[in-house]
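Read off the chains here:
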Amino acid sequence: MLQTSNGNMNQSQVENKRSMLTPEQSAELKQWLIAVALKRDKKSFALLFKSFAPKIKSFGFKQFNSEALANDLLQETMSLVWRKAHLYNADKGAVTTWVYTIMRNLSFDMLRKMQTNKEDCLSDDIWPIVDAHAADVDTEEFADHLLKQQLAKYADALPEAQKQVVRGVYFNELTQEELAQQLNIPLGTVKSRLRLALGKLRQQIEENS
Amino acid sequence: MIKHHPKHELLAAFVAGELPAALNIAISAHVELCDECQQAITLLTQAKADEVFSIEDESVFNNVEVDLDDDFEDLMIAQITSQKGDYVDEEPTVCTVEYAGKQVNLPRALNSVNWAKFQGVGKLSRARLDLDEGTVRSYLLQIGAGGSVPMHTHKGYEVTVLLDGSFEDEMCSYSKGDFIWLDQSFTHSPVSNDGCLCLTVADDAPVFTQGLSKLLNPIGRFIY
Ligand SMILES: [Zn+2]
């Protein structure tokens, strides 16, 4: 079980047992990650960090049999969680699954570095994280993906407030209601920011094509 | 139509990151083409993540401080959050290889892998992947139209992923995307009428079993 927001792992619970996350805990993790994605919220990140840290260290220690390397894995994994949060797509899976793939990939590359003379990083091509269908150049999904990439490029030039709503709706796939709640602003504001942002984006895409 | 898939245990080990790179690449190459296994991978990954993140048994830390001390932890958090959250997911390039006069797209899993030059004997031509994994060796293998591989068996396992074209052996015919796992209990002699491109992984040189073919043993070592 992951720690919840109110904190400490109850020592008496730390025994040979497993328990899955409750739906509430999963929702909480998702909320924190989305807050990092949209607002680079450091507090939410710290909560995510404290939830995952003991498990990542434990996983790393089993892989490398070294506390120092387990700490490296923790730092690298959580760094990517921070830097990639805006790419997390809640529709494609739980936060735990997303963090697991990041951790597994890093750990594979680290192990490979230790066991061979190779410095190659194969993992992200073996287990693509965000979109697995790069080869299906013809599929709609891929066209969608390209459009998203284009959109992402242009969206970066938007003012921060508009960028947040575009990312929330198109990348994290939140509804406008969820987004309003998440950003703690009225629904009407979300709608008007989105309208403004889309106007600008359309203009830019037209100018560039 | 893909008919041959990695078995469940193999997919589970793939998801857990427990296999050598060459096998991971072979499985990934199949999964990229196979919706069925993609779905299986999604479920297995979810299950594995639940397992890893729900273990309450911290006994692994018998000799290790379980909890990072707070200062250390806070320092790490501060260090991480001082970075920009600007990760851009680059569109992966699609690598191709020329074979039978055409360009064929290679699986994404090969994007960061180098391989030696193709070297041929008769209708067979192969290039060894530079993965540096000891006895586990992998190749891109081309069989020209009408080409065949002499009857052989394996000391360990042999995996073939068909990337393009088709071939037959005594048991089946295979088409693009098929993932074929053989171990020492099988012997086979693949024949490709129209030519094909494969990715092969073997953990030991195959042993040729039939009369004349024994003379071809050096070819066996050449192919796998
Ligand atoms: Zn399959």
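The structure under discussion appears in the preceding block.
Residues numbered from 1 in each chain as written. Chains lettered and ligands numbered in written order. Predicted model: local features only at pLDDT ≥ 70, side-chain atom pairs only at ≥ 80, totals over all residues. Heavy atoms only, no water.

A.B. asks: Tell me about the overall build of chain B, and please be specific about residues and values.
C.D. replies: Scanning chain B for helices and strands turns up six helices and 15 strands. Put simply, chain B has 224 residues, and 53% of those count as buried. Looking at chain B alone, contacts between residues at least 24 apart form 64% of all its contacts between residues at least 6 apart. Accessible surface, chain B as shown: approximately 10300 Å² in total, 50% of it carbon and sulfur. (Helix = DSSP H or I, 4+ residues; strand = E, 2+ residues; numbered from the N terminus. Buried < 20%, exposed > 50% of the residue type's maximum accessible area, 1.4 Å probe, protein only. Contact = heavy atoms within 4.5 Å. Areas by Shrake-Rupley, 256 points an atom, 1.4 Å probe, with all protein chains shown as cover.)

A.B. asks: Which residues make up the pattern of salt bridges, and what values do they have?
C.D. replies: Proximity of charged atoms lets side chains of opposite charge pair with each other. Evaluated as defined, the whole model comprises nine salt bridges over all chains. A salt bridge links Glu 73 of chain B to Lys 50 of chain A; its shortest N-O distance comes to 2.7 Å. Note that Glu 73 of chain B is positioned in helix H4 (residues 70-81) and Lys 50 of chain A in helix H2 (residues 42-64), a pairing that runs across two chains. Residues Lys 57 of chain A and Glu 67 of chain A are paired through a salt bridge, measuring 3.0 Å at the closest nitrogen-oxygen approach. Within this pair, whereas Lys 57 of chain A is found in helix H2, its partner Glu 67 of chain A is found in helix H3 (residues 67-84), the two being separated by ten residues in sequence. Take Lys 57 of chain A: its relative accessible area is 1%, and that puts it in the buried class. Its relative accessible area of 32% is what places Glu 67 of chain A among the partly exposed residues. One salt-bridge network, held together by shared partners, links Lys 50 of chain A together with Glu 73 and Asp 74 of chain B. (Salt bridge = Lys/Arg side-chain N within 4 Å of Asp/Glu carboxyl O.)

A.B. asks: Can you break down the sheet that holds strand S5 (residues 137-143) of chain B residue by residue, with the values?
C.D. replies: All names here are of chain B. Taken in spatial order, the six strands line up as S3-S4-S5-S14-S8-S11 in an open sheet, and their pairing is antiparallel. The open sheet has two edge strands with one neighbour each: strand S3 (119-121) and strand S11 (179-182). Averaged over neighbouring strand pairs, the angle between their axes works out to 25 degrees when direction is ignored. Bridge analysis of S3 against strand S4 (residues 124-128) gives three bridges, and the strand direction is antiparallel. Looking at the pairing, Gly 120 lines up with Ser 125 of S4. (Pairing = 2+ DSSP bridges. Axes fitted to C-alpha atoms, helices over the stretch in contact; angles between N-to-C directions.)

A.B. asks: Account for the coordination of the zinc ion, with residues named and values stated.
C.D. replies: Residue and element names in this part refer to chain B. Note on the zinc ion: its protein donors are His 5 (ND1), His 30 (NE2), Cys 34 (SG) and Cys 37 (SG). The metal-donor distances range over 2.0 to 2.3 Å. Angles of 101 to 115 degrees at the metal separate the four donor atoms of the zinc ion, which places the site in the tetrahedral class. Donor residues for the zinc ion, ordered by position in the chain, follow H-x24-H-x3-C-x2-C. (Donors = N, O, S within 2.8 Å, 3.2 Å for Na, K, Ca; no water. Tetrahedral: all angles 85-135°; square planar, octahedral: opposite > 155°, others 65-115°.)

A.B. asks: So what's going on with helix H1 (residues 23-39) of chain A? Residues and values would help.
C.D. replies: In an α-helix, one full turn covers 3.6 residues, which means residues spaced three or four apart are oriented alike. Residue and element names in this part refer to chain A. Between the first and last C-alpha of H1 there are 24 Å, a value that for 17 residues agrees with the 24 Å anticipated at 1.5 Å per step. Of the residues making up H1, those classed as buried are Gln 25, Leu 29, Trp 32, Leu 33, Ile 34, Ala 35, Val 36, Ala 37 and Leu 38. In the core, the buried residues of H1 are packed alongside H2, H3, helix H4 (95-115), helix H7 (160-170) and helix H8 (176-183). Backbone geometry just downstream of H1 places Arg 40 in the positive-phi region, at approximately 50 degrees. (Expected span 1.5 Å × (residues − 1).)

A.B. asks: Describe the environment of Ala 161 of chain A, with residues and values.
C.D. replies: Residues and elements named next belong to chain A. Within the secondary structure layout, Ala 161 lies in helix H7. Ala 161 gets classed as partly exposed once you look at its relative accessible area, which sits at 31%. Between the C-alpha atom of Ala 161 and that of Arg 193, which follows or precedes it by 32 residues, the distance is 7.4 Å.

A.B. asks: Explain the packing of aromatic side chains to me, and be specific about the residues and the numbers.
C.D. replies: Enumeration according to the criterion identifies nine aromatic pairs over all chains in this entry. Three or more aromatic residues link up through ring pairs in this structure, and these residues are Phe 45, Phe 49 and Trp 82 of chain A. Over the ring of Trp 82 of chain A we find Arg 40 of chain A; its NZ or CZ atom is 5.4 Å from the centre of that ring. Between the NZ or CZ atom of Lys 7 of chain B and the centre of the ring of Trp 181 of chain B, over which it lies, the distance is 5.2 Å. (Phe/Tyr/Trp six-rings, centres within 6.5 Å; stacked < 30°, edge-to-face > 60°. Lys NZ or Arg CZ within 6 Å of the ring centre and 35° of its normal.)

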